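Structural description and commentary
Residue-level listing of the chains:
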Amino acid sequence: MKKLINDPEQIIDEMLDGIVAGSPDDVRRLEDTTVLVRKDAPVEGKVALISGGGSGHEPAHAGYIGKGMLDGAVSGEVFTSPTPDQVFEAIKATDSGQGVLLVIKNYSGDVMNFDMAAELAESEDIKTAQVIVRDDIAVDDPESRRGVAGTIFVHKIAGAKAEAGASLEDVQQTAQKVIDNTRTMGVALSPCIMPTSGEPGFELADDEIELGIGIHGEAGIEKRKHMTADEIATELLERLLPEMDLADSDEIAVMVNGMGATPEMELNVFNRKVQSLLAEKGVKVYDTTVGNFMTSLEMAGCSLTLLKLDDELKELLDAPSSAPAFKK
Amino acid sequence: MLIGVEETIQWLKNYNDKLSEQKDYLSQLDRAIGDGDHGINMARGFQQVADSLDDDFDDVSTVLKKTATTVMSKVGGASGPLYGTAFLKMSMACKGKEVDAGVFAEMVEAALGGIKQRGKSEEGEKTMVDVWSPVLDMLREGEFDAERLKKTAEDAMQNTEDMTATKGRASYFKERSQGNLDPGAVSSYYLFAELADVIGKGA
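Residues numbered from 1 in each chain as written. Chains lettered and ligands numbered in written order. Predicted model: local features only at pLDDT ≥ 70, side-chain atom pairs only at ≥ 80, totals over all residues.

With 27 residues of chain A at the interface, the matching set in chain B holds 24 residues. Secondary structure elements with two or more residues in the side of chain A that touches chain B: strand 4 (72-78), helix 2 (84-94) and helix 3 (108-123) of chain A. No other element matches the five residues that helix 3 of chain A contributes to the side of chain A that touches chain B. Here the residues of the side of chain A that touches chain B sort into ten nonpolar, 14 polar and three charged. (Contact = placed C-beta atoms within 7 Å. Helix = DSSP H or I, 4+ residues; strand = E, 2+ residues; numbered from the N terminus. Nonpolar A, V, L, I, M, F, W, Y, C, P; charged D, E, K, R; others polar.)

Our next topic: the confidence of the model for chain B. Residue and element names in this part refer to chain B. The pLDDT averaged across chain B works out to 92; a share of 99% of its residues lies at or above 70. Predicted confidence in chain B is weakest over helix 8 (residues 183-202), with a mean pLDDT of 93, and strongest over helix 6 (residues 129-140), with 97. Across the interfaces of the predicted complex, the ipTM metric reaches 0.75, alongside a pTM of 0.87. (pLDDT = per-residue confidence, 0-100.)

Take the pairing of strand 11 (residues 284-291) of chain A next. Residues and elements named next belong to chain A. Pairing between strand 10 (residues 251-258) and strand 11: seven bridges, direction parallel. Each residue of the ladder has a partner; that of N257, found in strand 11, is G291. For the crossover from strand 10 across helix 7 (residues 264-280) to strand 11, the handedness is right-handed. (Pairing = 2+ DSSP bridges. Right-handed = clockwise from strand over helix to strand, strands pointing away.)

With that settled, consider the environment of N41 of chain B. Of note, N41 of chain B is situated in helix 2 (residues 38-51). We classify N41 of chain B as buried; it has 29 C-beta atoms within 10 Å. In this structure the C-alpha to C-alpha distance between N41 of chain B and A156 of chain B, which are 115 residues apart in sequence, comes to 23 Å. When neighbours within four sequence positions are excluded, N41 of chain B is seen to be in contact with T80 of chain A together with V75, G76, G77 and S79 of chain B. (Buried ≥ 20, exposed ≤ 12 C-beta atoms within 10 Å, placed from the backbone.)

Residues and elements named next belong to chain A. Parsing chain A into structural domains produces domain 1 (11-180) and domain 2 (182-318). Here the C-alpha centroids of domain 1 and domain 2 sit 23 Å apart. Taken together, the 26 residues of domain 1 in the interface contact 31 residues of domain 2. Listing elements by their share of the side of domain 1 that touches domain 2, those giving two or more residues are helix 4 (151-163) and helix 5 (168-180). For the side of domain 1 that touches domain 2, the element with the highest residue contribution is helix 4, accounting for seven residues. Broken down by class, the residue content of the side of domain 1 that touches domain 2 amounts to 15 nonpolar, four polar and seven charged. (Domains from an automatic or database assignment.)

With numbering aligned to this structure, UniProt lists the feature "coiled-coil region" (unreviewed entry) at residues 139-166 of chain B. Secondary structure across residues 139-166 of chain B comprises 57% helix and 0% strand; the distance between its end C-alpha atoms is 27 Å. (UniProt positions renumbered as here; feature names shortened; annotations may be inferred.)

Right, let's talk about the sheet that holds strand 5 (residues 100-105) of chain A for a bit. All names here are of chain A. Strand order in this open sheet of six strands is 1-2-4-3-5-6, and the pairing throughout is mixed. Here the strands that pair on one side only, and so sit at the sheet edges, are strand 1 (27-29) and strand 6 (128-133). Ignoring strand direction, the axes of neighbouring strands in this sheet form an average angle of 25 degrees. In terms of strand pairing, strand 5 meets strand 6 through six bridges, oriented parallel. From the neighbouring strand, V103 faces strand 6, where its bridge partner is V131. Across the sheet, helix 2 touches strand 2 (35-38), strand 3 (48-55), strand 4, strand 5 and strand 6, and the angle it forms with strand 2 is around 15 degrees. In the packing of helix 3 onto the sheet, the strands contacted are strand 3, strand 5 and strand 6, and the crossing angle to strand 5 comes to about 165 degrees. (Axes fitted to C-alpha atoms, helices over the stretch in contact; angles between N-to-C directions.)

Take a look at the structure:
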């Protein structure tokens, strides 16, 4: 497998320096850490938002740093949660005294490491709160559901809430409302290749796809023979809609997210069917986003996220964001 | 005395060698039911542990505390907090004490409690708990025996093969997780096996 890298051991370090070199006026790196923060952090009088997780999901999470979204992002090794000391550095660098909201995806490693960071913060009297994103309906038990592309909506909406001057409790509450109303399901067409081992993250035959895949290649619901974009859109939507509890007057936001190796051309072919099915079913779409937002290295495939909106969420979704990966 | 500062350092260095040697095997086990990084993360973290143990240490507790902080900051994933917590609890349980068989049982008990609390897990969920828990039961039975420690840990590790995972990333594989050893149970078995070897050779 050919990769555009130097030393696999240096991949995270070099990526972070590259991100800063690309946006020197907007982000800075905390020295000797894997933490990127807003150039102007801590932002006076504002609740800070921190997210993070393993690397390999770019533009998540550093691409969402900006006015109106995240104050900081913590990067772990590829697909590996960052350690508590790194998260703690992000907390210290972004807290303006108003407290810090930790946006955590529901993986045992992420939950444990961020938890330990929150304990470290508590020992230094820094106020933190956390929300755990669990939007992936491929996992039956709602408590065990993984956090996937729906996390971007949490960054966007909670980030706008914080930017508007809300308290830590209010930002947390709004973030939780987004989580409660967001559902995602994904599909993989081909696996990603781990940079350190050079091996595929999981096995998938040439003529097979996997429904309900996670963003680290964790198993989904089932392997199927390859299907067309329209068939996949239909399948995902049929599983997502019953989870949404939509009333006739409800409007939703749609995110079609590429997993890394699927061209935008194909994502739009997929989106065409998603939109026509939603129209057929009388579901009103308020906002649609198509692109690569929460990837899995060079996995091919996509995920579909639906978010049920109310007036508050619509206003916050539309609010300005300067984050390079989600400009509004 | 069961182990002193020197034996503890030897144990951890041998464990690092073992992890480095079995890195690919552990990652292969993890690829089957997780995300394939267990071997790489553990080997990377414990290399740093081994490198940090050339200083002078006053007692076993300080060695284990140093190990805990290094593991927590260098391993990452779920293994970092879990092994980091285990070493921290072991360190606290032997603070100001000589490590004899009784104290060692208390250390394992504290570590197991820490692992369960941090990972919100119990016995039978196909995790490292399923090695630490039988080892604790064996240690409580009295007379310390290095060979029995190793055998108990090995059998416990083998037993995870037929279990169904309900915790961690392996749980997404549900019944498909059966028939695979739990990678965390295997790395825990190595830890006890290396300790048994260090103690066995010293006796």
